[in-house]
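Tertiary structure, described
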There are 2 protein chains.
Amino acid sequence: MNERSLTLTPEAPDRRGRILQVAGRLFSQKGYHGSSMRELASALGLTQSSLYNHVANKEELLLAIVDGVADEFLVTLEPVVRSAASPTAKLRSAVRVHLQIIAEHLETATVFLHEWKFLSATYRARVESKRGRYEALWREIIAEGVERGDFRPLKIEFTARWILSTLNWTYQWYSPQGALTAEEIADRYLDLFLHGLLKS
Amino acid sequence: MNERSLTLTPEAPDRRGRILQVAGRLFSQKGYHGSSMRELASALGLTQSSLYNHVANKEELLLAIVDGVADEFLVTLEPVVRSAASPTAKLRSAVRVHLQIIAEHLETATVFLHEWKFLSATYRARVESKRGRYEALWREIIAEGVERGDFRPLKIEFTARWILSTLNWTYQWYSPQGALTAEEIADRYLDLFLHGLLKS
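All of the points below concern the structure found in this document. The shown structure was predicted, so the numbers you read here are calculated from the model rather than taken from an experiment.

Reading the values: rules and limits
Residues numbered from 1 in each chain as written. Chains lettered and ligands numbered in written order. Predicted model: local features only at pLDDT ≥ 70, side-chain atom pairs only at ≥ 80, totals over all residues. Heavy atoms only, no water. Contact = heavy atoms within 4.5 Å. Buried area = accessible area lost by both parts, 1.4 Å probe. Salt bridge = Lys/Arg side-chain N within 4 Å of Asp/Glu carboxyl O. Polar contact = N/O pair within 3.5 Å; in protein donor to acceptor, adjacent residues only side chain to side chain. Helix = DSSP H or I, 4+ residues; strand = E, 2+ residues; numbered from the N terminus. Least-squares fit on C-alpha atoms with pLDDT ≥ 70 in both. Phe/Tyr/Trp six-rings, centres within 6.5 Å; stacked < 30°, edge-to-face > 60°. Buried < 20%, exposed > 50% of the residue type's maximum accessible area, 1.4 Å probe, protein only. Lys NZ or Arg CZ within 6 Å of the ring centre and 35° of its normal.

Attention now goes to the interface of chain B and chain A. Tallying the contact residues gives 46 residues for chain B and 46 residues for chain A. Both faces considered, chain B and chain A share a buried interface measuring about 4300 Å² in area, 65% of it formed by carbon and sulfur atoms. Inspection of the chain B/chain A interface yields two salt bridges. Put simply, Asp191(B) and Arg152(A) hold a salt bridge, and the shortest N to O gap is 3.1 Å. Here chain B and chain A share 22 residue pairs in polar contact (both at pLDDT 80 or more) between them. Put simply, the parts of the chain that give the side of chain B that touches chain A at least two residues each are helix 1 (15–30), helix 5 (87–104), helix 6 (106–114), helix 8 (156–169) and helix 9 (182–195) of chain B.

Written out as structure tokens, the structure is:
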């Protein structure tokens, strides 16, 4: 596996970045509750006390991973939604960048999508707020499409969740060695989202 | 929570059924690797040695839960696919029963959908075979719709996975106390699956 697919800061694989990368792999493979700081130290070739010089505790690592992925999603989608493109073109870009983030950061994205629920209440609220802002961006695209008459009179919130449900589940089966690239998957999803099953 | 939502054998809440029910809750809340037999025994009000009179080990419990949900999905969908209904009507029934199983067995379905990957190779292969048969049933519905000309010339496997992706992610946000029943969610999904976003 290359460095790029494992860390959110590929250009700066410093000590902390490396710790987050290996923690992301461990949490995604064994689950947050199934991973120990002892295992993490061992995987990093560090003593536990040396590891604790860099991170306060296991939950701080979970927060850093989940928060980093949340920021990546937000920062990437905002310019798409703010652009002057049509709602359909915005949707195409949004689907592509969402899948690209999952594909490029498969392990930390898995932690973001599944293990985030194990954060304690305060941290969880912070991540929920970012998830809420991200879903709101998707709702903007759908709402604009409905207002312009490009889309059917859809239920905005439900439709945005429907699209995100499909995209998020991709982490369960996507493989960099698989038959389809993230972009090909995005194009196929987009065709289905836009046109549905029925021959009109 | 009522008994019905927690066990796959609601009519026979015997000792083993009760163990699976509580194990399902524990695994879904803390993850398989984050749950111990000690905690499970404690939650059941049993000693550990008494618990081991009923189950060989933790993995046997995971297998029993995952296998039970897999059987439930298979047994429920088979008659739908074998019926004489139109592909669209079959799809409607299939979406409804899939969501109904997730809603009624939310905790064990969560274990089935996420924790199954922690099974060891042999057990995993057995579950993968059932998952494969289940996905094949969905492909049959899509293929029949395409053959009859009711559906567009879709990519069968990808389309079936698309639908299941949406349905499976529901376990992440569905709540029995939420605004929508499983049947209402199914109807909304079906409208989106069939017609897509675009005003035609």
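Here the focus is the relation of the copies chain B and chain A. Two copies of the chain are present, and they differ by a rotation about an axis and a shift along that axis. Of the two same-sequence chains, chain B is brought onto chain A (RMSD 0.0 Å, axial shift 0.0 Å) by a rotation of 180 degrees. In symmetry terms, the pair is related by a two-fold rotation axis. Ranked by how close their C-alpha atoms come to the rotation axis, the residues of chain B are headed by Gly196(B), at 2.0 Å. Most of the interface of chain B is mirrored in chain A, where 100% of its interface residues are also at the interface.

Attention now moves to the packing of aromatic side chains. For any pair of aromatic rings, the description consists of the separation of the ring centres together with the inter-plane angle of the planes. Scanning all chains against the criterion turns up 22 aromatic pairs over all chains. Centroid distance Phe73(A) to Phe112(A): 5.5 Å. Interplanar angle 45 degrees. Geometry classified as tilted. Residue Phe73(A) is found in helix 4 (residues 58–82), and its partner Phe112(A) is found in helix 6 (residues 106–114); the two are separated by 39 residues along the sequence. The class of Phe73(A) is buried, set by a relative accessible area of 2%. On the basis of relative accessible area, Phe112(A) is assigned to the buried category, the value being 6%. What links up through ring pairs into an aromatic cluster is the set Phe158(A), Trp162(A), Trp173(A), Tyr189(A), Phe193(A), Phe158(B), Trp162(B), Trp173(B), Tyr189(B) and Phe193(B). Directly above the ring of Phe112(A) sits Arg131(A), whose terminal nitrogen or CZ lies 4.8 Å from the centroid.

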